[in-house]
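Architecture at a glance
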Amino acid sequence: MTEKKEIWGTIKFDGPMATKGFALNKMCYTFNNAEGREEFKKDEAAYCDKFGLTPAQKEAVLKRDILALEREGGSIYYLAKFAGVLGLNVQDVGGLQTGRTTEEFKAYLDSQGRGKSNG
Amino acid sequence: MAKIIGGITTSHIPAIGIAMDRGIEDTPYWKDFFSAYPPIREWLAEQQPDIAIVFYNDHGLEMFLDKKPTFAIGCAPQYENADEGWGIATIPPVTGETELSWHIVNELIENDFDPTVCQDIKVDHGLTVPLSLMYPGRKYQHLKVIPVCINCERHPMPKPSRCYALGQAIGRAVESFAGDQKVVVFGTGGLSHQLDGERAGIINADFDNECMDKLVSDPEALTRYSNDDLTEIAGAQGVELNMWLAMRGCMLGKVREVHRNYVAPISNTGAGTQLLLPE
Ligand SMILES: [Fe+2]
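Glancing now at the overall build of chain A. Counting secondary structure elements, chain A contains 10 helices and zero strands. When the helices and strands of chain A are listed from N to C terminus, the series reads α-α-α-α-α-α-α-α-α-α. Its C-alpha atoms give chain A principal-axis dimensions of about 50 × 40 × 20 Å. Taking all 119 residues of chain A together, 46% fall into the buried category. Contacts spanning at least 24 positions in sequence make up 48% of the contacts within chain A whose residues lie at least 6 apart. For chain A, the accessible area works out to roughly 6000 Å², and carbon and sulfur atoms hold 54% of it. Across chain A, the 18 positively charged side chains and the 17 negatively charged ones have centroids separated by 3 Å.

Turning to the coordination of the iron ion, a few remarks are in order. All names here are of chain B. The iron ion binds to the protein through His12 (NE2), His59 (NE2) and Glu240 (OE); the donor distances cover 2.0 to 2.2 Å. Mapped onto the sequence, the residues coordinating the iron ion show the spacing H-x46-H-x180-E. In this pair, His12 sits in the loop between strand E1 (3–10) and helix H1 (14–22) while His59 sits in the loop between strand E2 (51–56) and strand E3 (71–74), placing the two residues 47 residues apart along the sequence. Taking the relative accessible area as the measure of exposure, His12 reaches 1% and is therefore buried.

So, about the nonpolar core. The biggest cluster of nonpolar side chains holds 79 residues, and the ones touching the most others in it are Val61 of chain A together with Ile53, Phe55, Ile104, Ile170 and Val174 of chain B. Discounting chain neighbours no more than four positions away, the residues touching Ile53 of chain B are Ile104, Ile146, Val148, Ile170, Val174, Val183, Val184, Val185 and Phe186 of chain B. In terms of nonpolar packing, the next biggest core, distinct from the first, is built from 44 residues, Met20, Cys149, Val184 and Leu277 of chain B among them.

This part covers the interface of chain A and chain B. Listed by partner, the interface residues are 42 residues for chain A and 48 residues for chain B. Roughly 3800 Å² is buried in total at the junction of chain A and chain B, and carbon and sulfur atoms are behind 55% of that figure. Applying the counting criterion to the chain A and chain B interface returns two salt bridges. Of the charged contacts, one joins Asp83 of chain B and Arg37 of chain A as a salt bridge, the two residues approaching to 2.8 Å between their closest N and O atoms. Put simply, chain A and chain B have 25 residue pairs in polar contact (both at pLDDT 80 or more) between them. When residues of the side of chain A that touches chain B are traced back to their parent elements, those giving at least two are helix H1 (15–20), helix H2 (22–29), helix H3 (34–42), helix H6 (66–71), helix H7 (76–85), helix H8 (90–98) and helix H9 (102–111) of chain A. Element by element, the count of residues in the side of chain A that touches chain B is highest for H7 of chain A, at six residues. Looking at the side of chain A that touches chain B residue by residue, the class counts come to 19 nonpolar, 13 polar and 10 charged.

Here the focus is the packing of aromatic side chains. Residues and elements named next belong to chain B. Evaluated as defined, the whole model comprises 18 aromatic pairs over all chains. Here the aromatic rings of Phe33 and Phe34 are separated by 5.0 Å at their centres, their planes lie at 85 degrees, and the arrangement is edge-to-face. An identical accessibility class is assigned to Phe33 and Phe34; each is buried. Ring plane angle 80 degrees and centroid distance 5.5 Å describe the contact between Phe207 and Tyr225, whose orientation is recorded as edge-to-face. Placement of Phe207 in helix H7 (residues 205–217) and of Tyr225 in the loop between helix H8 (219–222) and helix H9 (227–234) is noted, with a sequence separation of 18 residues between them. Judged by its relative accessible area of 6%, Phe207 falls in the buried class.

Before going further, it helps to examine the side chain of Asn242 of chain B. Residue and element names in this part refer to chain B. Residue placement: Asn242 occurs in helix H10 (residues 241–250). The exposure class assigned to Asn242 is buried, which follows from its relative accessible area of 0%. For Asn242, the residues in contact, after removing those within four places along its chain, are Ile150, Pro158, Lys159, Pro160, Cys163, Asn227 and Leu230.

Within chain B, residue pLDDT values average 97, and 100% of them lie at 70 or more. Predicted complex metrics record ipTM = 0.96 and pTM = 0.97.

What follows deals with unusual backbone geometry. His155 of chain B connects to Pro156 of chain B through a cis peptide bond whose omega is 0 degrees. Mapping Pro156 of chain B onto the fold places it in the loop between strand E7 (144–150) and helix H6 (160–175). The linkage connecting Gly190 of chain B with the following residue, Leu191 of chain B, adopts the cis geometry, with an omega of -15 degrees. In this structure, Arg64 of chain A is a non-glycine residue whose phi angle is positive, near 55 degrees. Secondary-structure assignment places Arg64 of chain A in the loop between helix H5 (55–63) and H6.

Here the focus is the layout of surface pockets. Volume-wise, the largest pocket comes out at about 920 Å³. As for the largest pocket, its lining consists of 35 residues, and the residues nearest its centre are Asn89 and Val90 of chain A together with Pro14, Ala15 and Ser267 of chain B. Breaking the lining of the largest pocket down by element, the ones donating at least two residues are H7, H8 and H9 of chain A together with H1 and helix H2 (28–34) of chain B. The residue inventory of the lining of the largest pocket, partitioned by class, reads 20 nonpolar, 11 polar and four charged. The residues that make up the lining of the largest pocket include at least three from each of domain 1 (15–87) and domain 2 (89–119) of chain A. Elements supplying a minimum of two residues to the lining of the second largest pocket: H7 of chain A together with H9 of chain B. Partitioning the lining of the second largest pocket into residue classes produces nine nonpolar, six polar and eight charged.

Let us now look at the state of the cysteines. Counting across every chain of the model gives zero disulfides over all chains. Here Cys28 of chain A is not cross-linked by a disulfide; its sulfur's nearest cysteine counterpart is in Cys48 of chain A, at 8.4 Å. Among the cysteines around Cys163 of chain B, which has no disulfide bond, Cys152 of chain B carries the closest sulfur, lying 7.0 Å off.

Rules and cut-offs
Residues numbered from 1 in each chain as written. Chains lettered and ligands numbered in written order. Predicted model: local features only at pLDDT ≥ 70, side-chain atom pairs only at ≥ 80, totals over all residues. Heavy atoms only, no water. Helix = DSSP H or I, 4+ residues; strand = E, 2+ residues; numbered from the N terminus. Buried < 20%, exposed > 50% of the residue type's maximum accessible area, 1.4 Å probe, protein only. Contact = heavy atoms within 4.5 Å. Areas by Shrake-Rupley, 256 points an atom, 1.4 Å probe, with all protein chains shown as cover. Lys, Arg positive; Asp, Glu negative; His and termini not counted. Charge placed at Lys NZ, Arg CZ, Asp CG, Glu CD. Donors = N, O, S within 2.8 Å, 3.2 Å for Na, K, Ca; no water. Core = buried A, V, L, I, M, F, W, Y, C linked by side-chain atoms within 4.5 Å. Buried area = accessible area lost by both parts, 1.4 Å probe. Salt bridge = Lys/Arg side-chain N within 4 Å of Asp/Glu carboxyl O. Polar contact = N/O pair within 3.5 Å; in protein donor to acceptor, adjacent residues only side chain to side chain. Nonpolar A, V, L, I, M, F, W, Y, C, P; charged D, E, K, R; others polar. Phe/Tyr/Trp six-rings, centres within 6.5 Å; stacked < 30°, edge-to-face > 60°. pLDDT = per-residue confidence, 0-100. 1 Å grid on protein atoms, 1.4 Å probe; cavity = no way out; pocket = protein on both sides within 12 Å on 5 of 7 lines; lining within 4 Å. Points joined across faces, edges and corners; volume = space filled by probe spheres on them. Domains from an automatic or database assignment. Disulfide = S-S within 2.5 Å.

Following this line, the structure appears as structure tokens:
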């Protein structure tokens, strides 16, 4: 149980990652509130600075690079709130992370379920 | 004595709440999913449970990483929902419960579980979507809800075996409560899915169906998985199975399944629904 199992394409969100990503996640947590979302939209870089994001985190935010945000300690629960600010849903985010369009990502989901029997 | 009259498993993803708000339950994409619920609603209407113990996980509404309980239990007379940031409508307050909940807390601590005890928490879609599903039109105020929140976000998370044991301890606490309340237990979330990483989008329908089988006949087999195993087999958020295991633990003895549905994909998940009755 204590050994860390490496799983392809998956970053285990554990103590070290949560430590690395705390400021980033704290910023995204404020996107629960309309005020936080508005303030971010007005000046994204300044909002990142306000929360003390690292240069790598800030760059990933500005570039909407979800995978980089995860490598920098972002938790998907809070990154989902960031995605919400950008008007993206979980299929859009899935596509962005897997190099697919949203439609291709939906087709991938479908291929593992209903799409199997529907052909 | 209070009595657990049944257990319900259900998905709790936000997309469901959004679909209900838009009134698109009968569209081709959704109808196979929503068709699972009328029989459960009828059972609830017939049985009229007084209390629902709802196992859910908070997805960053109330419990941020700064203070994140491994297990938390609510003992409040009321729970508010709030803006979660990505457009699911906030629902009216949920009625709480302050007698059985404190009894459960006392019994848990007496039996070596040490949950965080909450007298004022906001509840997120993990709890509100299942309630909305069971009581369309948000007619759930008559039901007293006891939220039990399990950390499914940050490792280390409680082990499946421990979640099951927590459920058993809660089930025994209900049985020892002097009252004649009828209690229903909800296991919410799941089943297989992964939102993050290059591996995002994995669904394992075979495993999901096996979980639903085992939940009925041999739940202890599921407690032998580690959270890492679940991540590998069912995706990073496949660990939400822990809420189903806690629900099943509450039911203590043998159960029979009177209703089941499974649809994949629903949003990024395999969506399972079951109604289990004590035998
Ligand atoms: Fe969830």
